[in-house]
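Architecture at a glance
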Amino acid sequence: MTNETPTAQIGVTGLATMGRNLARNIARHGYVTAVHNRSDAKTKALVEEFGHEGTFVPGYSAEEFVASLTSPRTIIIMVKAGAPTDAVIDELAPLLSEGDILVDGGNAHFADTRRREAALRERGIHFAGVGVSGGEEGALLGPSIMPGGSEHAYAKLGPILADIAVDVDGTPCSTHVGPDGAGHFVKMVHNGIEYADMQLIAEAYDLLRHGLGRTPAQLAEVFESWNSGDLESFLIEITARVLRQDDPTTPGRPLVDVIVDEAEQKGTGRWTVQTALDLGTPVSGIAEAVFARALSGSSAQRKAAQGVLPGPAEVPADAEAGGARVGEPGGEEGAGGFVDAADAESFIDDVRAALYASKVVAYAQGFDMIRAGSTEYGWGIDPGAMATIWRGGCIIRARFLDRIREAYEKQPDLPSLLVDPYFADAVARGQEAWRRVVVQSVTAGIPAPGFSSSLAYYDGLRRERSSAALVQGQRDLFGAHTYRRVDRPGSFHVEWGGDLSESQTA
Ligand SMILES: NC(=O)C1=CN([C@@H]2O[C@H](COP(=O)(O)OP(=O)(O)OC[C@H]3O[C@@H](n4cnc5c(N)ncnc54)[C@H](OP(=O)(O)O)[C@@H]3O)[C@@H](O)[C@H]2O)C=CC1
Ligand SMILES: O=C(CO)[C@H](O)[C@H](O)COP(=O)(O)O
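Residues numbered from 1 in each chain as written. Chains lettered and ligands numbered in written order. Predicted model: local features only at pLDDT ≥ 70, side-chain atom pairs only at ≥ 80, totals over all residues. Heavy atoms only, no water.

The name given to the chain in an unreviewed UniProt entry is 6-phosphogluconate dehydrogenase, decarboxylating, and the organism recorded there is Kineococcus glutinatus. Looking at the chain in UniProt, the text filed under Function (unreviewed entry) is "Catalyzes the oxidative decarboxylation of 6-phosphogluconate to ribulose 5-phosphate and CO(2), with concomitant reduction of NADP to NADPH." Regarding the chain, the relevant UniProt record gives this comment under Subunit (unreviewed entry): "Homodimer." (UniProt positions renumbered as here; feature names shortened; annotations may be inferred.)

Next comes the structure, spelled out in structure tokens:
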């Protein structure tokens, strides 16, 4: 324990990729920053390498770290989600006093945040679950921040977070989301949308590669051109960078062709889908993205199916392989694709339209889920404010978030983003192309679950009658589960095993 007078205005514990850069960002903004990590090496390295960037106060034990902070203390935890976060809270909480603010900036499950907030509130400690997005660079230069927790905690925390968040058009990408788990809930949905967006871009790439037989570097140009239109976004920008990159060990061989084609996941996309199932919100685009990652990783099943399950007979073998066999350079422009060279430009336009429309569906589903979560937990989340803070800093930052913000500003109770006049018109203009792309993907045997499920969702929303009437009839027949009628209120049942008369049950 140190006897020195505490000087640090804020502390960060957990100095790996995110915590280290977040601490540097805070210190660069003039805050005296206490830093601590379970193992000392990271603390020492931070102070040695970046000590000149601001005023850091290293703490080599939890006691020393806490003692270096002025009261009421504010501490940001930036460690692995789950048990490590609980371990850090358990170590810090006994050292804290009433009125101190403990912030979890990791990717915690919102239910854990609710539990932790309730437990710490009983001890007079304000616990704030804060979503942070932007990766390593964002943490340093300005992330998008989704703070949850009490108004009291936010009154102290808000100005610091606004200082370190990225700024778009004079507005910081940080705003109070709502109490207890609201911030981590919104961060989880952000990540679910991230999964969907990445899956859709990957499908667009797959279709273009196999449809046109172009090299990844040639496709990088397509994505670069898309990035100056309505698809402009961080994920499109980095897609072009990845596709342009050669294997550092073999110049001329595209990096994307030597990366193992099994997508990993830390869990936030899966949590989004699990939570959506509980809330009854159809986030089919996000679910397809999670399942596509799982299928990519089902190596035993994939290996067993290859060479056993046939693809479409009329598609040239070259197009199925897409000139993308590991170790081979990509095909020449127009060679080996399933699209005629003369139709290449219109195919590219169609894929762009399908990507845009599917992306609108993914965001529409994500925003529906935020509304459902907010209603369920009484958080009072403002969807337009979430679109505003996602415009910069985060992984899903995109030009069209401005349009989403405008849509919710005009109509805060918008039933679906898809019915906002701007998006309804944009999707309507692309829907024929979207349908053509889904048909082509099916015909060519190239899976595009994101494109096709988003289109099915769109059709499911817009059709006046759905096939669910038959499902209700089936449920009533086998289980007397009853159905509602279009022409009368109440619940009804048919005597299926008897005289087929209908009775009203409620
Ligand atoms: N990486 C990213 O792009 C993003 C990450 N996040 C989230 O931010 C948090 C930090 O992520 P990241 O920087 O990548 O680091 P990691 O998720 O890899 O976590 C490493 C840190 O956790 C600490 N830690 C692990 N177990 C324990 C434990 N039992 N007790 C105390 N400390 C422990 C490590 O300490 P030690 O050095 O001693 O091992 C280290 O400081 C995570 O919750 C992550 O999900 C959020 C947005 C983006
Ligand atoms: O939180 C993030 C960005 O906002 C991380 O990048 C995200 O956790 C990556 O997730 P996964 O490893 O599951 O793809």
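On to the packing of aromatic side chains, then. Evaluated as defined, the whole model comprises 15 aromatic pairs. On the numbers, 5.3 Å between centres and 55 degrees between planes, the contact of tryptophan 434 with tyrosine 458 is tilted. One end of the pair, tryptophan 434, is in helix H18 (residues 421-444); the other, tyrosine 458, is in helix H19 (residues 449-462), and 24 residues separate them in sequence. Each member of the pair, tryptophan 434 as well as tyrosine 458, is classed as buried. Directly above the aromatic system of tyrosine 60 lies the positively charged group of lysine 44, at a separation of 5.7 Å from the ring centroid. One residue, arginine 293, lies across the ring of tyrosine 195, its end atom 3.6 Å from the ring centre. (Phe/Tyr/Trp six-rings, centres within 6.5 Å; stacked < 30°, edge-to-face > 60°. Helix = DSSP H or I, 4+ residues; strand = E, 2+ residues; numbered from the N terminus. Buried < 20%, exposed > 50% of the residue type's maximum accessible area, 1.4 Å probe, protein only. Lys NZ or Arg CZ within 6 Å of the ring centre and 35° of its normal.)

The subject of this paragraph is the pairing of strand S1 (residues 10-13). The side-chain alternation of S1 yields two buried faces, one formed by Ile10 and Val12 and the other by Gly11 and Thr13. By the bridge criterion, four bridges tie S1 to strand S2 (residues 33-36) in an arrangement that is parallel. Looking across to S2, one finds that isoleucine 10 is bridged to threonine 33. For the segment spanning S1, helix H1 (residues 17-28) and S2, crossover handedness is right-handed. As paired strands, S1 and strand S4 (residues 74-77) are joined by three bridges and run parallel to one another. (Pairing = 2+ DSSP bridges. Right-handed = clockwise from strand over helix to strand, strands pointing away.)

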